[in-house]
Amino acid sequence: MRRRLVLLTVTALSLTASVGRAAEPLQVACVPPGVWADSAGAAVEPVPLLRRLAEAPVVLLGEQHDKADHHRWQLHTLAGLHAVNPDLAVGIEMLPRRLQPVLDRWVAGEMTEGEFLKATDWRTVWGFDPQFYLPILQFARLHRLPVVALNVERSLIGRTARNGWATIPEAEREGIGNPAAPTEAYRNRLTETLAAHDRSEARSAAPADVPDSAVKRFIEAQGIWDRAMAEKIAETRRTTGRLVVGILGEGHVASRDGVPHQLADLGIGDAAVLLPWDSDRDCGELDGRIADAVFGLGPEREDAEPQRPKLGVQLDPSPEGITVGAVSSGSVAAAAGLRTGDRILIAAGTPVRAPADLVAVIRRQAPGTWLPLTIRRDGAEQEVVAKFPVDGAAHPPQP
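Residues numbered from 1 in each chain as written. Predicted model: local features only at pLDDT ≥ 70, side-chain atom pairs only at ≥ 80, totals over all residues. Heavy atoms only, no water.

**Description of the confidence of the model for the protein chain**
So, step 1. On average, residues of the protein chain score 85 in pLDDT, and 83% of them reach the 70 mark or higher.
So, step 2. Across residues 1-26, where pLDDT falls below 50, the model places 165 contacts with residues more than four positions away in sequence or in other chains.
So, step 3. Taken as a whole, residues 392-399 scores under 50 in pLDDT and shows 15 contacts with residues more than four places along the chain or in a different chain. (pLDDT = per-residue confidence, 0-100. Contact = heavy atoms within 4.5 Å.)

**Some details on the side chain of H252**
So, step 1. Among the secondary structure elements, H252 is positioned in the loop between β7 (243-249) and α11 (259-265).
So, step 2. According to the relative accessible area criterion, H252 is buried, its value standing at 0%.
So, step 3. A polar contact of 3.2 Å, which involves the side chain of H252, links it to the side chain of E93. (Helix = DSSP H or I, 4+ residues; strand = E, 2+ residues; numbered from the N terminus. Buried < 20%, exposed > 50% of the residue type's maximum accessible area, 1.4 Å probe, protein only. Polar contact = N/O pair within 3.5 Å; in protein donor to acceptor, adjacent residues only side chain to side chain.)

**Looking at the packing of helix α4 (residues 113-120) against helix α6 (residues 130-142)**
Angle between the axes and distance between the axes: these two values describe a pair of packed helices.
So, step 1. Close contact between α4 and α6 brings their axes to 12 Å; oriented N to C, the two are set at 115°. For the pair α4 and α6, the sense of crossing is right-handed. Within the contact between the two elements, α4 uses E113, F116 and L117 and α6 uses P130, L134, L137 and Q138.
So, step 2. When its residues are assigned to classes, the contact of α4 with α6 shows five nonpolar, one polar and one charged. (Axes fitted to C-alpha atoms, helices over the stretch in contact; angles between N-to-C directions. Left-handed = near helix turned anticlockwise from the far one by under 90°. Nonpolar A, V, L, I, M, F, W, Y, C, P; charged D, E, K, R; others polar.)

**A few points about the environment of R377**
So, step 1. For R377, the location among the structural elements is in strand β14 (residues 370-377).
So, step 2. R377 sits 35 residues away from D342 along the chain, and the two C-alpha atoms are 5.2 Å apart.
So, step 3. Non-local contacts of R377, meaning those with residues more than four positions away in its chain, are made with G337, L338, R339, D342 and Q382.
So, step 4. At a separation of 3.0 Å, a polar atom in the side chain of R377 contacts the main-chain carbonyl oxygen of G337.

**Overview of the pattern of salt bridges**
So, step 1. Applying the stated criterion to the full structure yields 16 salt bridges.
So, step 2. The residue R242 makes a salt bridge to D87 at a minimum N-O spacing of 3.5 Å. Here R242, found in the loop between α10 (214-240) and β7, pairs with D87, found in the loop between α2 (68-84) and β5 (88-96); they are 155 residues apart in sequence, far enough to count as distant.
So, step 3. Between R159 and E172 there is a salt bridge; the shortest N-O distance is 2.9 Å. Here R159, found in helix α7 (residues 154-163), pairs with E172, found in the loop between α7 and α8 (184-197); they are 13 residues apart in sequence, far enough to count as distant.
So, step 4. Using a relative accessible area of 26% as the deciding quantity, one classes R159 as partly exposed.
So, step 5. Taking the relative accessible area as the measure of exposure, E172 reaches 40% and is therefore partly exposed.
So, step 6. A single network of salt bridges, built from pairs that share partners, joins R227, E231 and D265. (Salt bridge = Lys/Arg side-chain N within 4 Å of Asp/Glu carboxyl O.)

**Topic: the nonpolar core**
So, step 1. In terms of nonpolar packing, the biggest core is built from 46 residues, with V59, I92 and L95 touching the most fellow members.
So, step 2. Looking at which element gives the most residues to this core, the answer is α6, with seven residues.
So, step 3. The next biggest cluster of nonpolar side chains, apart from the first, holds 36 residues, and it includes V152, L156, A254 and V259. (Core = buried A, V, L, I, M, F, W, Y, C linked by side-chain atoms within 4.5 Å.)

**Things to note about helix α1 (residues 46-53)**
So, step 1. The complete set of buried residues in α1 reads L49, L50 and L53. Viewed end-on, α1 has its buried residues packed into an arc of 95°, placing them on one side of the element. Seen from the open side of α1, the exposed residues pointing more than 90 degrees away from its buried face are P48 and R51.
So, step 2. Next to the buried residues of α1 lie β3 (36-37), β4 (58-63), α2, β7, β8 (272-277) and β9 (293-296). (Arc of directions from axis to C-beta.)

**Details of the environment of V35**
So, step 1. Considering the arrangement of structural elements, one finds V35 in the loop between β2 (17-19) and β3.
So, step 2. When the C-alpha positions of V35 and F295 are compared, they lie 5.7 Å apart, and in sequence the two are 260 residues distant.

**Quick notes on the pairing of β9**
So, step 1. Neither face of β9 is exposed, since A293 and F295 on one face and V294 and G296 on the opposite face are all buried.
So, step 2. Examined bridge by bridge, β3 and β9 share two bridges and lie antiparallel to one another. Within β9, the residue paired with A37 across the bridge is V294.
So, step 3. The sheet contact formed by β8 and β9 spans four bridges and is parallel. (Pairing = 2+ DSSP bridges.)

**Points about the packing of aromatic side chains**
So, step 1. Per the stated rule, a full pass over the model turns up seven aromatic pairs.
So, step 2. Measuring from centroid to centroid gives 5.6 Å for W122 and Y133, while their planes differ by 50°, and the two rings are tilted. Of this pair, W122 sits in helix α5 (residues 122-125) while Y133 sits in helix α6; the two residues are 11 residues apart in sequence, bridging distant segments of the chain.
So, step 3. Exposure remark for Y133: the relative accessible area of 3% places this residue in the buried category. (Phe/Tyr/Trp six-rings, centres within 6.5 Å; stacked < 30°, edge-to-face > 60°.)

**Topic: unusual backbone geometry**
So, step 1. With a phi angle near 55°, R144 is a residue other than glycine that sits in the positive phi range.
So, step 2. Its place among the elements puts R144 in the loop between α6 and β6 (147-151).
So, step 3. Looking at R144, the relative accessible area reads 47%, which means it is partly exposed.
So, step 4. Although it is not a glycine, A348 sits at a positive phi angle of roughly 50°.
So, step 5. If you trace the backbone, A348 turns up in the loop between β12 (343-347) and β13 (350-351).
So, step 6. Looking at A348, the relative accessible area reads 41%, which means it is partly exposed.

If you want it as structure tokens, here you go:
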């Protein structure tokens, strides 16, 4: 039987990470919980869908990295595909290629979870809660499925965003080829992302056709990132014949832009894209092309946990760091004067390059302490101080 590779993909050019996201009013779900639907929201039968998907060369499972239910859905979808076609491989965005030997040892059963997390330096390299991903990794190990590191070093993407791909010597490109030109829709989406979350640079940027513009470099960096993961997926498919299931951020896969677009350029034009669909998500996004299928999720309900310090912002990662995407009303961040579009540079003396860096600092904060932050706003650096309340409740607005 022909072996197939299934890539589990993780989420997103939203690539959003929340630190204390505020609750939103309940809305009527456009995809009922527990229901598979097509990209326009019409319900589809799960068994024929999974059988069809199991015949694809690649299946990409999008996610928002900080949502536990997205990862639970990924695990169950992976298990369903495995039941139909056990000849799979799992590709993960979370780790760079240099850590492939560690993944191989993990799959072979040679490491404990603690040893794996230490060897990968998970908290620094990826940062999002490993408990979201360990069930998927345990499933792969249990069934001895290859797990493939799809990513490259974060510094390579950052260098591209700052200076352009052409400035990076061939020997320092990690073997990545030149990406296919992005679609116009993807270019527009990335431009809107930069304009919304990096306003100071977007206002000062030259027109998009100027090689040194911030917009062009941002789009180019995203293309290199997508291409790197697509090339690893295609290589895995070619060398193993397995169905590849990719775990990736939603922004890398939605609307068949990003990684699927690069896969098509590499000769894999029939990769499938699946997304989880939160109950409060805008139904207008079901535009007939966002994915091959979506799965409805109910409102997320988590067991009570010990109160942790919360800043109260939504963080948007980008090739050059993180920016504030939204500030919750009445939060510590609001009291400190943080605004949408602020780029967080330093927290308590620690450089902040990814959401995990800031999350790690916040978790070390004791109630009643102050957290100094260095931010960039409108092209200038300034200091703000986040004051965490003694009781862990939301901080009242400052006078």
